[in-house]
Each structure stands twice: as C-alpha cells, then as structure tokens.
Amino acid sequence: MRKQLVKEIAAKGIRDERILKAMLKLPRHFFFDEIFVTHAYEDKAFPIGEGQTISQPYTVAFQTELLEIQSGDKILEIGTGSGYQASILLELGAEVHTIEYNRVLHDRTRQFLPQLGYRPHFYHGDGSKGLPQQAPYDGIIVTAGAPSLPEDLVRQLKVGGKLVIPVGNNKSQVMYKLTKVAPNKISKKTFKNFSFVPLRGEKGWK
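Residues numbered from 1 in each chain as written. Predicted model: local features only at pLDDT ≥ 70, side-chain atom pairs only at ≥ 80, totals over all residues. Heavy atoms only, no water.

Quick one: what's the story with the sheet that holds strand E4 (residues 95–100), residue by residue and with numbers?
The strand order across the open sheet formed by seven strands is E5-E4-E3-E6-E7-E8-E9, and the pairing between neighbours is mixed. Of all strands in the sheet, those bounded by a partner on one side alone are strand E5 (121–124) and strand E9 (185–194). Taking each pair of neighbouring strands and ignoring which way they run, the sheet shows an average axis angle of 15°. Two strands pair when backbone bridges link them, and strand E3 (residues 74–78) and E4 are joined in this way by five bridges, in the parallel orientation. If you follow Ile 78 over to E4, its bridge partner there is Ile 99. Its contacts with the sheet place helix H5 (residues 103–112) against E4 and E5, and it is angled at close to 160° to E5. (Pairing = 2+ DSSP bridges. Helix = DSSP H or I, 4+ residues; strand = E, 2+ residues; numbered from the N terminus. Axes fitted to C-alpha atoms, helices over the stretch in contact; angles between N-to-C directions. Contact = heavy atoms within 4.5 Å.)

And the structure:
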C-alpha cells in the first residue's frame, strides 16, 4: 500500500527521489489510531484530534521538494502536528526544529516520535512568530494556512534560505516559496491552491 501511494505521488509530479524514498521508508500508519489504519495510505489529509490533521502525503512531498533540502540544513517546521512531516525532513538529513501551538499535540508527538527513532528539537509555543532564538534557518516550512506572509519568518532566514508557506483565507490558500536572495531582498513564487488548517497565534488566525 505504501509503494502504491509513493507511485501515486510520483505520478502527480514529485521528482526528488530522496523524498520518495523517505516516504517509502516511513510507515505512515504508525501515525494513525489502529481503527483508522486503512486510511493511512490514501493520498488525503486525516484528522489527528485537537482540530488538526496529518497532511495529505502529496502536500508533504510538495512542500518538502520546494525547500530543496541539503543534508545538514537547519530547518524550522511550524506546526509539528503528528510529526510525520518532521520525520520526512529528518530522513533527508536536515537538522529539524519543530514548534507546535497546541500543548496536547506537542506533548503527544514529543513522546511518540523518539519511539520511531526520530528526534527533532521540539518546542511548544507561537510558531506564527517563528523561533528567533534558533535563527537563522536554511529553510522554514509552515504546515498551516496563514492569513498573510509573516515578516518575522523572512527575517529568520539565512541569505539563500527558503520559506514555504500557504497563504489565503481559512478555506483555501496559495502556496508561496520565498527565497531570501539578499539581506533585504526576496524572490517569490506561487503555486496552486491547497487547503490547510488555520495557522494559530499572534501572526496567524485569532
């Protein structure tokens, strides 16, 4: 079932073989309650409690591909959720710092992920403002829909660093890839519509 899912994602346009291998290796069903295991290898988002979801596998792969991760890159993930996205980033050799707004999800994932052998740096707090104490980053990935582009996150990128973030209303967002090409200059690309849960926090949805 996992092989079939990875084939499906590749057919949708994901070209980075490292990402496909990581998704083939990582058992997505471990992130589901036992009664929902049959849903684990469908290419769709799924509720994980606390009003949050585990992202659609294609979306995970798409956002990851936009980051263009190299081994050793320092990546900030905003929205730990189930920990699935963080695990994919770790499989690619990134140093992952992941922040979660919801205390229940933070505590649960902080206990669970090390049992699978994945050990990102966990933080509980308002990720809409980034994580300035660990900046600068080679990449920042936001796994919830923001109402606007948070300037705080751009400031926390290294020159050459990339921010991947969905921006729009609370139903549909456009995926942005911002690259910090100079200290006060960014290049911007936009991609098709996605649908994420709302980003919470001071710079997110109230």
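Back to the text.
I'd like a description of the pattern of salt bridges, backed by residues and values.
The final tally for this structure, using the stated rule, is 11 salt bridges. Across the pair Glu 202 and Lys 129 runs a salt bridge whose closest N-O atoms are separated by 3.3 Å. On the criterion of sequence distance, the pair formed by Glu 202 in the segment after E9 and Lys 129 in the loop between E5 and strand E6 (137–142) is long-range, its members being 73 residues apart. When its relative accessible area of 44% is taken as the criterion, Glu 202 is described as partly exposed. (Salt bridge = Lys/Arg side-chain N within 4 Å of Asp/Glu carboxyl O. Buried < 20%, exposed > 50% of the residue type's maximum accessible area, 1.4 Å probe, protein only.)

Before we move on, can you summarise H5 with the specific residues and values?
When H5 is considered as a whole, its buried residues turn out to be Leu 105, His 106 and Thr 109. Taken around the axis of H5, the buried residues stretch over an arc of 100°, which confines them to a single face. Buried residues in H5 make contact with strand E1 (46–49), strand E2 (52–54), E4 and E5. For H5, the capping residue at the N-terminal end is Asn 102, with a side-chain oxygen 3.0 Å from the backbone nitrogen of Val 104. (Arc of directions from axis to C-beta. Polar contact = N/O pair within 3.5 Å; in protein donor to acceptor, adjacent residues only side chain to side chain.)

Residue-level account of the layout of surface pockets, with values.
Its boundaries defined by the atoms lining it, the largest pocket holds a volume of some 470 Å³. Around the largest pocket sit 35 residues that line it, and Gln 52, Thr 53, Thr 143, Ala 144 and Val 197 are the ones nearest its centre. Elements represented by at least two residues in the lining of the largest pocket include exactly E2, helix H3 (57–67), E3, helix H4 (84–91) and E4. When its residues are assigned to classes, the lining of the largest pocket shows 14 nonpolar, 17 polar and four charged. Here the second largest pocket defines a volume of roughly 280 Å³. (1 Å grid on protein atoms, 1.4 Å probe; cavity = no way out; pocket = protein on both sides within 12 Å on 5 of 7 lines; lining within 4 Å. Points joined across faces, edges and corners; volume = space filled by probe spheres on them. Nonpolar A, V, L, I, M, F, W, Y, C, P; charged D, E, K, R; others polar.)

Describe the side chain of Asp 126, and please don't skip the residues or the numbers.
Structurally, the position occupied by Asp 126 is in the loop between E5 and E6. It is Lys 129 that comes nearest to the buried, bridge-free Asp 126 among opposite-charge side chains, at 4.2 Å. Side-chain polar atoms of Asp 126 contact the side chain of Ser 128, separated by 2.6 Å. Apart from the residues lying within four places of it in its own chain, the contact partners of Asp 126 are Ile 99, Tyr 101, Arg 200, Gly 201 and Glu 202. (Lys, Arg positive; Asp, Glu negative; His and termini not counted.)

Break down the side chain of Thr 179 for me, citing the residues and quoting the values.
Within the secondary structure, Thr 179 sits in strand E8 (residues 173–182). Given the relative accessible area of 16%, Thr 179 is considered buried. Aside from chain neighbours lying at most four places away, what touches Thr 179 is Gly 160, Gly 161, Lys 162, Lys 185, Ile 186 and Ser 187.

Before we move on, could you go through the environment of Pro 57 and cite the residues and values that matter?
Its place among the elements puts Pro 57 in helix H3. Once the C-alpha coordinates of Pro 57 and Thr 190 are considered, the two residues, 133 residues apart in sequence, prove to be 20 Å apart. Non-local contacts of Pro 57, meaning those with residues more than four positions away in its chain, are made with Leu 5, Ile 9, Met 23, Arg 28, Glu 42, Asp 43 and Lys 44.

I'd like to hear about the pairing of E8, residue by residue, with values.
Of all the 10 residues making up E8, seven are buried; the element is thus mostly covered by neighbouring parts of the structure. Note that strand E7 (residues 157–168) and E8 share seven bridges and pair antiparallel. Paired with Gly 168 across the two strands is Gln 173, which belongs to E8. Counting the residues between successive antiparallel strands, the hairpin from E7 to E8 contains four residues.

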